[in-house]
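Fold and contact review
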Amino acid sequence: MKVIHYINQFYAQIGGEDKADHPFEVRKQAVGPGLMLQSLLPDDCRIEATLVCGDNLAAEWPDELEKRIAQALKECGAELLIAGPAFNAGRYGLACGIACKAAYSLGIPAVTGLYEENPGVALYRQFGFILPTESNARSMKETLERISAFAGRLQRGEDILDPEKCGYLVRGLRKNVWTEHIGARRAVNMALDKVHGRSFKTELPMIAFSRVPPSPPLEDLSKANVALVTTCGPVPLGNPDRLEAHAATKWKIYQVEDFGGPALKDVDIAHGGYSPTYAERNGNRVFPVDAMLELEAQGVIGHFHRDLYVTVGNSMPVSRAEQFGAEIARSLKDGGVDAAILTSA
Amino acid sequence: MVHLCTIVPISKSVGANRIYPGVAIPYPTGDPALSEAEEKKMRLEMLKEAVSMLAEPVESRGGAAETELAE
């Protein structure tokens, strides 16, 4: 079985955030985690090529990456795509999802490993078998073992229809299969179990949508008090509050003066998930304070709220993000703010 | 709230209703390729558009995984 493996610039040992713009390339061999993967795969599964792309390019140009991957899969005669695993790395998780989508479009099965809260899961779960992982790469070996075992099941043509039994996340695909009883009987049995307070399992769980009712538009922007909030992690020099580089446990309020004035020259970037080079030269590149002050001066907005809200969004658990969101919204309301701009890297 | 961000699909998947796409991941509201003055002007124009979205009505929309594929 011809296996193609997708990894990012970090796992290809090209570099970290400074190389996140590394262009897409195809290497005709196993690379990085692919070496261990090859040793774990069944004997007749061979990694024919490794596809590598920088995380920023992948996240910023998803359609282009999908095309390039599809082309490479065709050229290599791929029979199985394995991506990552990417654990809770957001952009890498998206890239793995994009790779699965490219394979799906060609009818090639795809397997990856992602942490359940990785944004790649919600966006690409239909396109591949996503094995749930820990949030970090400490579990690399165990994850590769599971991926390899799953690849073996696919190769042997085993029944892999039940996500729970087979250890992958529900894909939301419909497939016609034969069952012992017809649907009417199964439904009645389920209803009886429910009435009698017995446990039962639905065959079609409802998809949970993240719906947020949109706030009504401002009546008059030129009278509104507008705040700035960011998950990009700009902090005063030396990071006095020790805002964490990932999975941050706090949000902070700073003043323009804490950053040495509107030019935002005295800025450190606490966020550990993107290259800080550009924003540390000018914090406005992630936190547009100068533009907001100018919009106030021009009368476009009524007032620019001087409390600046900062946290780090990198690898933040969704439950904590929701909590921070509610707390920050409460604080903004208490401060008489009418609306806000939220910037994210 | 307007979410000014670079990876728009993630913003959509968590249900953001007003999204303004940023320039690039390490500089959503900047562009190191421009001169300082040009960059500042670009940022002002960007934020002018972004704040104007605060005064526009929007319809509710769902998050990710709305489509269901048949296989």
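One can find the structure itself at the top, above this paragraph.
These remarks concern the structure in this document. (Residues numbered from 1 in each chain as written. Chains lettered and ligands numbered in written order. Predicted model: local features only at pLDDT ≥ 70, side-chain atom pairs only at ≥ 80, totals over all residues. Heavy atoms only, no water.)

**Comments concerning the packing of helix H1 (residues 33-40) of chain A against helix H6 (residues 140-155) of chain A**
All names here are of chain A. Applicable threshold: Note on method: axes are straight lines fitted to C-alpha atoms, helices fitted across the in-contact stretch only, with angles between N-to-C directions ranging 0 to 180 degrees. In DSSP terms, a helix is any run of H or I states spanning at least four residues, a strand is any run of E spanning at least two, and both are numbered starting from the N terminus. Every angle not falling under 35 degrees, over 145, or within 65 to 115 is termed oblique; those three ranges are roughly parallel, roughly antiparallel and roughly perpendicular. Each crossing gets its handedness from the near helix: less than a right angle anticlockwise from the far helix is left-handed, clockwise is right-handed. Residues count as neighbours in contact if any of their non-hydrogen atoms are within 4.5 Å of one another. All residues other than Ala, Val, Leu, Ile, Met, Phe, Trp, Tyr, Cys, Pro, Asp, Glu, Lys and Arg, Gly among them, are scored as polar; the first ten of these are nonpolar and the last four charged.
H6 packs onto H1 with a crossing angle of 45 degrees between their chain directions and a minimal axis gap of 9 Å. Considering the angle they form, H1 stands oblique to H6. Like other packed secondary-structure pairs, H1 and H6 cross with a definite hand, here right-handed. Where H1 approaches H6, its residues Pro-33, Met-36, Leu-37 and Leu-40 are matched on the opposing element by Met-140, Lys-141, Leu-144, Glu-145, Ile-147 and Ser-148. Taken together, the residues of the contact of H1 with H6 break down into seven nonpolar, one polar and two charged.

**Describing the sheet that holds strand S4 (residues 80-87) of chain A**
Residues and elements named next belong to chain A. Heads up, the condition is: Two strands qualify as a pair provided that DSSP identifies no fewer than 2 bridges between them.
The strand order across the open sheet formed by six strands is S2-S3-S1-S4-S5-S6, and the pairing between neighbours is mixed. Bordering the open sheet on either side are strand S2 (25-27) and strand S6 (129-132), each of which pairs with just one other strand. With strand direction ignored, the average angle separating the axes of adjacent strands in the sheet is 20 degrees. Pairing analysis gives four bridges linking strand S1 (residues 2-8) to S4, with the strands arranged parallel. Of the residues in S4, the one forming a bridge with Ile-4 is Leu-81. Strands in contact with helix H3 (residues 62-76) are S1, S2, strand S3 (46-53) and S4; relative to S1, the strand with the most contacts, it is inclined by about 150 degrees.

**Looking at helix H11 (residues 318-334) of chain A**
All names here are of chain A. What counts here: To estimate the expected span of a helix, subtract one from its residue number and multiply by 1.5 Å.
Taking 1.5 Å per residue, 17 residues should reach 24 Å; H11 reaches 24 Å between its end C-alpha atoms and fits that length. Along its buried surface, H11 packs onto strand S7 (225-230), strand S9 (252-254), strand S12 (308-310) and strand S13 (339-344). Just downstream of H11 lies Gly-336, where phi reads positive at about 75 degrees.

**Examining the interface of chain A and chain B**
Just so we agree on the cut-off: The term buried area refers to how much accessible surface (probe radius 1.4 Å) is lost by two components on association, counted for both of them together. Salt bridge criterion: a side-chain nitrogen from Lys or Arg within 4 Å of a carboxyl oxygen from Asp or Glu. Distance and chemistry together define a polar contact, namely a pair of N or O atoms within 3.5 Å, with one atom able to donate a hydrogen and the other to accept it when in protein, and with adjacent residues in sequence counting only for side-chain atoms on both sides.
Chain A puts 55 residues into the contact, and the matching count from chain B is 50 residues. Between chain A and chain B, a total of about 4500 Å² is buried, with carbon and sulfur atoms accounting for 62% of that surface. Across the salt bridge formed by Asp-290 of chain A and Arg-43 of chain B, the nearest N and O atoms sit 2.9 Å from each other. The interface formed by chain A and chain B holds 15 residue pairs in polar contact (both at pLDDT 80 or more) in total. Mapped onto the side of chain A that touches chain B, the elements with two or more residues apiece are helix H2 (55-60), helix H4 (90-105), helix H5 (119-124), helix H9 (277-281), helix H10 (289-297) and S13 of chain A. If one sorts the elements of the side of chain A that touches chain B by residue count, S13 of chain A sits on top with six residues. Of the residues contributing to the side of chain A that touches chain B, the split by class is 35 nonpolar, 11 polar and nine charged. Bridging between S13 of chain A and strand S1 (residues 2-5) of chain B involves four bridges; their strand directions are parallel. Residue pairing for S1 of chain B: Thr-343 of chain A is matched across the bridge by Leu-4 of chain B.

**Some thoughts on the pattern of salt bridges**
All names here are of chain A. Which entries qualify depends on this criterion: Think of it in three bands: residues with accessible area under 20% of the maximum for their type are buried, residues over 50% are exposed, and the middle band is partly exposed, with areas taken using a 1.4 Å probe on protein chains only.
With the rule as written, the count across this model stands at 18 salt bridges over all chains. Between Lys-141 and Glu-145 there is a salt bridge; the shortest N-O distance is 3.0 Å. Separated by four residues within a single helix, Lys-141 and Glu-145 lie in helix H6, roughly one turn from each other. Owing to a relative accessible area of 48%, Lys-141 belongs among the partly exposed residues under this scheme.

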